[in-house]
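# A look at the structure
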Amino acid sequence: MEKKRDSKILGWLLSIVLSMKQEFKHIFRDEAVVIFFVVLAVVYPPLYSLIYNPEIARDQAVVVVDDSHSELSRQFVRDLNASPDVNITAYAQNMDEARELMATKKCYGIVYFPADFETEVMRGNQGHVSLYCDMSVMMRYKAMLTAITNVQMETCSRLQGEKSFNIISMNGGLVDSRQVPLGNTAMGIASAVLPFILVYVLQQGMIMGIAMLHAGSMGRRRRNRGIDRLDEVKATPGAMLMGKTLVHLFYYLFPAIFALHIVPIIFKFPMNGNFLEIAMIIFPFLIASSLFGQIIRVFVNNREGVFLILAFTSLIFVFLTGVSWPHYQIAPYWDVISKMIPAYWASTAYVQMQVGGASLSQMSDFYWALWSLVVVYFVIAYLVELLVLRPRYRAMQLECELDPEALNKHTLFLQGDDDMLNPELLEEEDED
Amino acid sequence: MIRILVNSIIRGWKQLARRPLYICMMVIVPLVSAWFFFDLMEDGVVRRSPVGIVDLDKSDMSRRLTRNLSALQQIEIKTTYGSYQEAIDAVQRGEVFGFFFIPNDFSTKALSGEKPTLSFYINYSFYAPASMQFKGFKTISVLANGGIVSSVLTTAGMPKEMVSATLQPIVTHVHPLKNPWMSYNYYLSSSFVPCLLALIVMLITVFSIGMEWHAGTSRNWLRTADNSIVLATFTKLFPHSFIFINVGLAIQYMMYVKYGFPLNCNPWNMIAAMALLVLACQGFALFVISLVPNFRYASTICTLLGMLSFSFCGFSLPEEVMYSWISPLGYLMPIKYFFLINADQALNGIDLHYSRLYYVILILYSLLPVTMLWKLRKHCLEPFYIP
């Protein structure tokens, strides 16, 4: 009895090892999968970083319409031009001319001084200045707003100084307030967005690579009467899943270290995390992504169909994390969906740790959430393999036993080439 | 002749109807994704960022300050923490995105005129909440000082107008043209959703042609069209254009009618732009797959360019700020011209005359593949597919 059980366990372990060996071979032979697994993670993050590296919108083109022709307005414009955010490109005669410049994209903002600008200030009233902004790109507006607010505040305190009201000039206010940025201390947009993207690239590359492997196998089955000659290991679904997942983990070792550790060094992103603790979060994340991919693959039957799925899921997944739109402000149903994505947990935890300097114990919720996903996805992937994929393969083989040309005919049917089909068979197809 | 045309078109429609992937990717995915974006950001403006407060002073003055802070629009004070360490811990856990710190000598210093410092710690790893908090912070500086000073001046007997003129001799009026609500939805979704549609149009175009090679039916495809590649591509892609343009219009209906995006031009200007965008993207993809007649490579090129369009077309980071060798890449993509038309017409509502060039370029894109179709034909007659 003992021996029998032992040999059963040994056989099971052996089937894991054989599944691993086979998956290794598949990935290694498949140039496109290598692209998804390795090249995507290596090429995409630097490319992305390069685009966003300028980080801040500087020197926004602004024209001035000055009806006051005063010393005060000229000084205001000089100060504005001196600020890094704005570049005064021209003086326009009137608002119509300025609008024309804006319509032809010679400028994105107009600063307007009314005729009474200086006289009102001299009389002890308030002088008014207007800023008109093009709103097609939000960052332009923010840059112009910052510049004009700063110049206005400077000018105000200078004018107050001239008037020398004791209470203000003595104290310059009663309370000082200061802003202290945490984590992303440079406050750049690239350092805020990219760490999230890096984690997503890993997940998407993994899912797409797995889907492509599966589609390749489906292609072989279609060409070969429902049999994939390269899929010769007879393993139970569980052993097969484990074997494959281990191989994916192995292949992702280098890309993960590169994307999450080397890229931040190259682009000088904040790195306040502990390498080992981050690795502890990334480990369940990679397992969950691999299993997630082994579920998603049921929807992919053609290798090129992978690109289609990659395209739209990537964008939606990224938006669900809260990179552009804060996560606390999304509707409950989107919140539930976001929590089913491994990269949601991993990217948030990675950012908190790598950028914000949090420790693993502070991220324990995320850590356990990822392990729960591993369990849930393992069960689903197991059921998918057992109840959907294997019966599908058997059905393909059966169909081919009845008619060796069935799968080819199905392809022709899908392509709309009915005249190449035997009319009798066509009727059968239609009944299906 | 008419028989050939009819047969070709029927073949095109059959393909669309028989492979579920087409209906799914051409109709369901674009519409659901569009709804996703519109619905996700329906609030338009990032509201109330959750923050904490650390009050070491525990005086009347600090409590009054806390009450003033909680009245701020941009933030929501969630928790009071006992120490700086506790608050930092909460930020790192992600419970709050920042906190106020009131030092223990706050009121004593303020009363003796020594200017105590009120600190506002902001977690900039999360950009949108952080910039919201920064706005709140700016208001604080004004509130904390202006409020006190103006009450002093008013008690000293200065008339109200004089007080505000003293505190703020110059006032700025900022006019965010045509989007005074500063809605993120209007700004981001109006470029991202069409960009996603453009990406799908390109991929489906490449997919449907590549499948002819993959399935080994490319000769038959040409034969159905009497060996004319122009007729073959036209009859194949025309049903796509029809579906995509209608999906595009449905998206525009959601945008302008259901979600009230700004539409300050004649609606036909944007309807035409959408139709041209679809045709231009089909043209672009057809050109790519004719130039590089390899299913895999053409898909890769279109995916890469289409995905990067979101970044290098300058929807969020303005093009003039990017590296000079990146920003011209944006002009390679049809979506860039649609984005410019959208800004000119739908948002700013300026004369059609200013956008004429963009419309012309979109038309040229849809005609572009004509130059390369001979290569596609050659490849269809001698197909080889590398799995």
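Think of each chain on its own: its residues are numbered from 1, step by step along the sequence as written. Naming scheme: in the order in which they are written, chains are lettered from A and ligands are numbered from 1. Side-chain atom pairs in this predicted model are given and counted only at pLDDT of 80 or more, local residue features only at pLDDT of at least 70, and totals for whole chains, interfaces and linings cover all residues.

## What about the overall build of chain B?
The numbering of helices and of strands both runs from the N terminus, where a helix is a DSSP run of H or I of at least 4 residues and a strand a run of E of at least 2. When helices and strands are tallied, chain B shows 16 helices and five strands. In terms of C-alpha radius of gyration, chain B reaches 29 Å, well past the compact-globule figure of 21 Å for 387 residues. Overall size of chain B, expressed as C-alpha extent along the three principal axes, is 95 × 45 × 40 Å. Residue burial here comes from a neighbour count, namely the number of other C-beta atoms, placed from the backbone, that lie within 10 Å of the residue's own C-beta, with 20 or more meaning buried, 12 or fewer meaning exposed, and in between meaning partly exposed. Counting every position in chain B, which comprises 387 residues, the buried fraction comes to 50%. In this description, a residue-residue contact is defined by the distance between C-beta atoms placed from the backbone, which must lie within 7 Å. By sequence separation, contacts in chain B at least 24 residues apart represent 77% of the contacts at least 6 residues apart. C-alpha atoms define the radius of gyration, and 2.2 Å times the number of residues to the power 0.38 defines the globule rule.

## Concerning the overall build of chain A
Per the secondary structure count, chain A includes 16 helices and five strands. On the principal axes, the C-alpha backbone points of chain A span a range of 100 × 60 × 35 Å. The buried share of chain A, taken over its 432 residues, is 47%. The contacts of chain A with a sequence gap of at least 6 include a subset with a gap of at least 24, amounting to 79%.

## Regarding helix α12 (residues 295-312) of chain B
Taking 1.5 Å of rise per residue, 18 residues should cover 26 Å, and α12(B) covers 25 Å from first to last C-alpha, within 8% of that figure. Taken together, the buried positions of α12(B) are F295(B), R296(B), A298(B), S299(B), C302(B), T303(B), G306(B), S309(B), S311(B) and F312(B). As for α12(B), its buried residues are in contact with α2 (31-52) and α11 (305-321) of chain A together with α8 (184-214), α11 (267-291), α13 (327-330) and α14 (334-347) of chain B. With its phi angle positive at about 75°, G314(B) sits one or two positions after the end of α12(B). In this analysis, the expected span of each helix is defined as 1.5 Å times one less than the number of residues it contains.

## Details of the sheet that holds strand β5 (residues 176-182) of chain A
The strand order β5(A)-β4(B)-β3(B)-β1(B)-β2(B) describes an open sheet built from five strands, whose pairing is mixed. Each edge of the open sheet carries a strand with a single partner, namely β5 of chain A together with β2 (75-81) of chain B. Within the sheet, the average angular offset between the axes of one strand and its neighbour, ignoring direction, is 25°. Relative to strand β4 (residues 117-123) of chain B, strand β3 (residues 98-102) of chain B runs antiparallel, the two being bridged by four bridges. Counted as the bridge partner of F100(B) is F120(B) from β4(B). We call two strands paired when DSSP finds no fewer than two bridges between them. To get an axis, a line is fitted to the C-alpha atoms, and for a helix only the part in contact is used. The angle between two axes follows their N-to-C directions and goes from 0 to 180 degrees.

## Here we look at the sheet that holds strand β4 (residues 127-133) of chain A
Pairing within the open sheet is mixed, and its five strands lie in the order β2(A)-β1(A)-β3(A)-β4(A)-β5(B). The sheet terminates laterally at β2 (86-92) of chain A together with β5 (170-176) of chain B, the two strands that pair on one side only. Each strand axis lies, on average, 25° off the axis of its neighbour in the sheet, ignoring direction. Across the sheet, helix α3 (residues 71-82) of chain A is in contact with β1 (60-66), β2, β3 (109-113) and β4 of chain A; its angle to β2(A) comes to roughly 140°.

## Topic: the nonpolar core
Side chains of a nonpolar character, in soluble globular proteins, are inclined to be buried together. Note on terminology: a nonpolar core is a set of buried residues of type Ala, Val, Leu, Ile, Met, Phe, Trp, Tyr or Cys, with members joined through C-beta atoms within 7 Å. Membership of the largest hydrophobic core comes to 243 residues, with the highest contact counts inside it found for I281(A), L370(A), F99(B), I200(B), L203(B) and L277(B). Ranked by the residues each element gives to this core, the list is headed by helix α8 (residues 189-223) of chain A, at 21 residues. Sequence-distant contacts of F99(B), that is, excluding residues within four places in its chain, are made with V51(B), G52(B), I53(B), V54(B), Y81(B), A87(B), V91(B) and Y121(B).

## Things to note about the domain arrangement of chain B
According to the domain assignment, chain B contains domain 1 (2-42 + 181-381) and domain 2 (49-167). Residue ranges assigned to each domain were obtained from an automatic or database domain assignment. Measuring from the centre of the C-alpha atoms in domain 1 of chain B to the corresponding centre in domain 2 of chain B gives 50 Å.

## Some points on the interface of chain B and chain A
Tallying the contact residues gives 99 residues for chain B and 94 residues for chain A. Residues are grouped as follows: nonpolar covers Ala, Val, Leu, Ile, Met, Phe, Trp, Tyr, Cys and Pro; charged covers Asp, Glu, Lys and Arg; every other residue, Gly included, is treated as polar. When the residues that make up the side of chain B that touches chain A are grouped by side-chain class, the tally is 59 nonpolar, 28 polar and twelve charged.

## A look at the confidence of the model for chain A
Residue and element names in this part refer to chain A. Looking at chain A as a whole, its pLDDT mean stands at 85, while 93% of the residues score no less than 70. Taking the mean pLDDT of every element in chain A, the minimum, 39, falls on helix α16 (residues 423-431) and the maximum, 95, on helix α10 (residues 275-296). Below a pLDDT of 50 lies the segment residues 164-172, which in the model reaches eleven contacts outside its immediate sequence neighbourhood of four places, other chains included. This model gives residues 422-432 a pLDDT under 50, and the stretch forms four contacts once residues within four places in sequence are excluded. Each residue carries a pLDDT score, the predictor's confidence in it, ranging from 0 to 100.

## A word on the environment of A215(B)
Relative to the assigned elements, A215(B) resides in the loop between α8 and α9 (218-224). C-beta crowding within 10 Å serves as the criterion here: with 22 such atoms nearby, A215(B) is assigned to the buried category. The spacing of A215(B) and Y359(B) is 144 residues in sequence and 37 Å in space, taken between C-alpha atoms. Apart from residues no more than four positions distant in its own chain, A215(B) is found in contact with T411(A) and Q415(A).

## With respect to the domain arrangement of chain A
Domain boundaries in chain A define domain 1 (2-51 + 186-420) and domain 2 (60-162). Summarising the inter-unit geometry, the C-alpha centres of domain 1 of chain A and domain 2 of chain A are found 52 Å apart.

## A short note on the packing of helix α1 (residues 2-18) of chain B against helix α10 (residues 229-258) of chain B
All names here are of chain B. The contact between α1 and α10 brings their axes to 8 Å, and the two run at 45°. When the axes of α1 and α10 are compared, the pair comes out oblique. Considering how the two elements wind past one another, α1 and α10 form a crossing that is right-handed. Here L5, S8, I9, G12, W13 and L16 of α1 come into contact with α10, specifically with L231, A232, T235, K236, F238 and P239. Counted by class, the contact of α1 with α10 contains eight nonpolar, three polar and one charged residues. Angles below 35 degrees are treated as roughly parallel, those above 145 as roughly antiparallel, those between 65 and 115 as roughly perpendicular, and all remaining angles as oblique. Handedness of each helix crossing follows the sense of rotation of the near helix against the far helix: counterclockwise by less than a right angle gives left-handed, clockwise gives right-handed.

## Regarding the pairing of β3(B)
Residue and element names in this part refer to chain B. Of all five residues that make up β3, five are buried, and the element is covered over most of its length. Of the two faces of β3, the one carrying G98, F100 and I102 and the one carrying F99 and F101 are both buried. As paired elements, strand β1 (residues 49-55) and β3 share four bridges and run parallel to each other. Within β3, the position partnered with I53 by the bridge is F100.

## Digging into the confidence of the model for chain B
Here chain B averages 87 in pLDDT, and 93% of its residues register 70 or above. Across the whole predicted complex the pTM is 0.87, and at the interface the ipTM reaches 0.85.

## Side note on helix α13 (residues 342-354) of chain A
Given a rise of 1.5 Å per residue, 13 residues ought to cover 18 Å, and the 18 Å separating the end C-alpha atoms of α13(A) matches this to within 8%. Within α13(A), 13 of the 13 residues are buried, leaving the element largely enclosed by the surrounding structure.

## Considerations on unusual backbone geometry
Even without a glycine there, the phi angle at H69(A) is positive, about 45°. Summarising the element assignment, H69(A) is placed in the loop between β1 and α3. Taking the number of C-beta atoms within 10 Å as the measure of exposure, H69(A) has 11 and is therefore exposed. Its identity is not glycine, yet D226(B) carries a phi of approximately 55°, on the positive side. The topology assignment puts D226(B) in the loop between α9 and α10.

## A look at the packing of α11(A) against helix α2 (residues 20-40) of chain B
The axes of two packed helices give the description: the angle between them and the distance between them. One can describe the packing of α11(A) onto α2(B) by two numbers: an axis separation of 11 Å at closest approach and a directional angle of 10°. With respect to their mutual orientation, α11(A) and α2(B) come out roughly parallel. Here G305(A), L308(A), F312(A), I316(A) and F319(A) of α11(A) come into contact with α2(B), specifically with L21(B), M25(B), V29(B), S33(B), F36(B) and L40(B). Here the contact of α11(A) with α2(B) is composed, by residue class, of nine nonpolar, two polar and no charged.

## Observations concerning the environment of K106(A)
Residue and element names in this part refer to chain A. Within the secondary structure, K106 sits in the loop between α4 (95-103) and β3. K106 gets classed as partly exposed once you count the C-beta atoms within 10 Å, which come to 14. Note: C-alpha distance between K106 and V63 (43 residues apart in sequence) is 8.8 Å.

## So, the environment of L407(A)
All names here are of chain A. Within the element layout of this structure, L407 appears in helix α15 (residues 406-414). For L407, a count of 19 C-beta atoms within 10 Å translates into the label partly exposed. Excluding its chain neighbours within four sequence positions, the residues that come into contact with L407 are R222, G226, M396, E399 and C400.

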